[in-house]
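# Coordinate inspection notes
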Amino acid sequence: MVLEKDSWRIEDMMNKRIEVIHYGDPFRKALEIFSKYKLDAIPVVNDEGLLTGVLSNSRLYKALLAGVDLDDKCDPYIIDAPVYINVGLNYDELSLVMRLNKSSVGNVPVVDDDKKVVGIAGNKEYLRTSLNIVLKSYALMESIFQAMQEGIITVDNNGYILRINQFAEKMFAINFAEAKGKHINEVLPEIIYDGKRSLGVRYNFKAVSAIVNQVPILEKDIQVGTNVVFLDVSDAEDMGKELQIVKDLHTTLNAVLSASAFGIFVTDKNGEIKYINKIAKQFVENHSTSVKGQLIREILPTSSRSQVAETGVSEVDICHLNEKNCVVAHVPIKTDDSNNNETVGVVSTIYCDDNKLLEEIARKWFSLQQQVDYYRNQLDKQRNSTKDSFKHIVTKNDEFIQIKKEAKRIAKSTSTVLLTGESGVGKDIFARAIHATGPRSKMPFVKVNCVAIPETLFESELFGYAPGSFTGASKKGKMGFFEQANKGTIFLDEVGDMPLSIQVKILQVLQDKQFVRVGGINTQNVDVRIIAATNRNLREAVAKGAFREDLYYRLNVIELYLPPLRERTEDIIPLAEAFIEKYNDILGTAVTGMSTRVKQALLQYSWPGNIRELENAVERAANYVWEGEMDLEHLPAHILHGERSNPKQSSYQVAINDVNKEIILDALRKTKGNRSAAARILKISRSALYEKLSKYDIS
């Protein structure tokens, strides 16, 4: 790139602050103009303003020395047919004029195409413009010198450093201010400098491998210095090694994918096919053009792939290829950047074979997909519904109807609610109904299963943790359940199984509406309504020291006891009918109702699992009936016997149970009744421990 002198025009350079004189004007006027504008010459024009002559300051001085009067006319001293230049000329043309003129007159008039005077140009303007060009050219060359992605060191004929660009400073960790004036071998002793041209010589410096060119600097064919140019090839060598590794990996990957017994498509984030193996080509063999570069949605009729590209979560789908039902697994390709972890593509694997297992997988998938769609629709209905949620709780029992009314009334407050009753009686549904009917219905409802969370993670799950609190913690920290439920409702299910170490922190939140994240120092304010539920007798737990008394009274502001299903038998048939309708929608079945024998069997059974057990029984039966009326053969066998069967155990089984019971009691004695610690000693989960406690009747 070179600075174009042609871009400089006379109109940009000339002096426009001028005055002119006419024939007949006195010396006095000319003297005033010379004094005011410090010009070397004044243009002389006629009545039409056209240039006719010029009066130079040297002519004026000559007239004054000759003794002319200031009121005398200037006419005898005016130079006729003067040299002038056109306003449209450029810098080079002006240079030519100034050189030719050598000028007896230091300034020359500038005229337009009609020869009217528009300014004056002279040596001052010429020199000023030349200086601007030089300065801008220097600035341009300096910017190019510093922007070069090659190191450059400029030395004089004796090898002493004149200039170093930024790239060379960075490459060799040197400072120009310190290196200026030193010999190049003092700074870079590896260089063989002789002032002669040499190209493509390889040098190994301390931490850099470079190709070096030495190019003489000539001025009028005389060498005045040398540019030593360094091309860093260290990165290029590393890139070459990495490229070879990539080629080897590509060859290996290509071999692995080609050896697969399943069809594989690899697509980028936009769905464009980048790779297809041999098996996959057989599925699209009818396509006349190459598949690579096409969009996969035009070849593989499945919508899940685009979802995987957006969410980064693996999906399984079903598609129809070559008159076969095929299972397709879409797995995201993600970057290794742990902070970003962006999805950059998708691997789609097609499982297509003529076997019953695949057909069964496809059928199951369709069934599951229907269930997902149903629950998604139900969730949308709940979110968008303005109906009273308690109306969806089915009952004909007077006591339960009264409980519903009481729950609906307390839903309008913000007080803590404790739901008690056996497992499966509908505590979860009541909690959601209270939230949906209350003033916080549009805010979050967060359910926390206190049994499912390991004790070591309980605090961080409930209250979150600060960034970098412990090994494996997210760098951004994590929001806990209480923060997620802010302004809404948090449902503490199975609260009776909450560890004692956490109970005191829950008490603090109830009292102060504040908590501190794990590893944090700042207090978090939170506004939540707490609904707790348990199937345990908390009064007994308080008496045994397994539950804090102060927390019990804080939770037990309003207690609602939900009776078991066996105590409200009038609800069994209406609930069963509601579940039939539900699973007809979910499974696509067409169950029309229940036979009289089925109704009798349902009424005779004690339902230890309550509503949850009833729903599971109806779902199972619907899968066997599919359409028509539900009959006895469709029910689980144990329901047909009324009470749950409890066959007499053999002496061997009794002995085994006694041993297991003693092991559990020993663990509890060692931990002084701490069940979480006992579970760790036994190397089982807390929920598994509670099942065994119930089985062996250990309180």
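Let us look at the structure shown here. Keep in mind that this is a model prediction, so the values were computed, not measured.

Looking only at helix H15 (residues 455–463), the buried set comprises Phe458, Ser460, Leu462 and Phe463. Looking one or two residues beyond H15, the residue adopting positive phi is Gly464, at roughly 80°.

Let us look at the sheet that holds strand E11 (residues 209–219). Strand order across the open sheet formed by five strands is E9-E8-E12-E11-E10, with antiparallel pairing between neighbours. With one partner strand each, in any of the chains shown, strand E9 (161–164) and strand E10 (198–204) form the two edges of the open sheet. Strand-to-strand twist across the sheet, computed as the mean angle between neighbouring axes with direction ignored, equals 25°. Pairing analysis gives five bridges linking E10 to E11, with the strands arranged antiparallel. What sits directly across from Arg202, in E11, is Ile211.

With that settled, consider the packing of aromatic side chains. A full pass over the atoms with the stated rule returns 13 aromatic pairs. Each ring, one from Phe205 and one from Phe230, has its centre 6.0 Å from the other, and the planes form 70°; the classification is edge-to-face. Pair noted here: Phe205 is in the loop between E10 and E11 and Phe230 is in strand E12 (residues 222–232), with a separation of 25 residues, a long-range link. As far as burial versus exposure is concerned, Phe205 and Phe230 are alike and both buried. On the numbers, 5.3 Å between centres and 40° between planes, the contact of Phe463 with Phe515 is tilted. Residue Phe463 is located in helix H15, and its partner Phe515 is located in strand E21 (residues 514–516); the two are separated by 52 residues in the primary sequence.

Let us now look at the nonpolar core. In this structure, Leu462, Phe482, Ile490, Leu492 and Ile506 are the most contacted members of the largest nonpolar core, which totals 32 residues. Among the secondary structure elements, those contributing two or more residues to this core are strand E19 (445–449), H15, helix H16 (481–484), strand E20 (489–493), helix H17 (500–512), strand E23 (529–534), helix H18 (538–543) and helix H19 (549–555). If you tally residues by element for this core, the top one is H17, at five residues. The contacts of Leu492, once residues within four sequence positions are left out, are Val448, Cys450, Met498, Ile506, Ile530, Ile531, Ala532 and Ala533. Within the second largest apolar cluster, 27 residues are counted, among which are Leu565, Ala601, Tyr605 and Val618.

Using the criterion set out here, one finds 20 salt bridges in the structure. As a salt-bridge pair, Lys29 and Asp25 come within 3.5 Å of each other at their nearest N and O atoms. With relative accessibility at 30%, the residue Lys29 sits in the partly exposed group. One salt bridge connects Glu459 with Lys505, and the closest N-O pair in it is separated by 3.2 Å. A residue pair is termed long-range when its members are at least 10 positions apart, and Glu459 in helix H15 and Lys505 in helix H17 qualify at 46 residues. Lys505 gets classed as partly exposed once you look at its relative accessible area, which sits at 29%.

The rules we used
- Residues numbered from 1 in each chain as written.
- Predicted model: local features only at pLDDT ≥ 70, side-chain atom pairs only at ≥ 80, totals over all residues.
- Heavy atoms only, no water.
- Buried < 20%, exposed > 50% of the residue type's maximum accessible area, 1.4 Å probe, protein only.
- Helix = DSSP H or I, 4+ residues; strand = E, 2+ residues; numbered from the N terminus.
- Pairing = 2+ DSSP bridges.
- Axes fitted to C-alpha atoms, helices over the stretch in contact; angles between N-to-C directions.
- Phe/Tyr/Trp six-rings, centres within 6.5 Å; stacked < 30°, edge-to-face > 60°.
- Core = buried A, V, L, I, M, F, W, Y, C linked by side-chain atoms within 4.5 Å.
- Contact = heavy atoms within 4.5 Å.
- Salt bridge = Lys/Arg side-chain N within 4 Å of Asp/Glu carboxyl O.

Any functional reading would require information that these geometric values do not contain.
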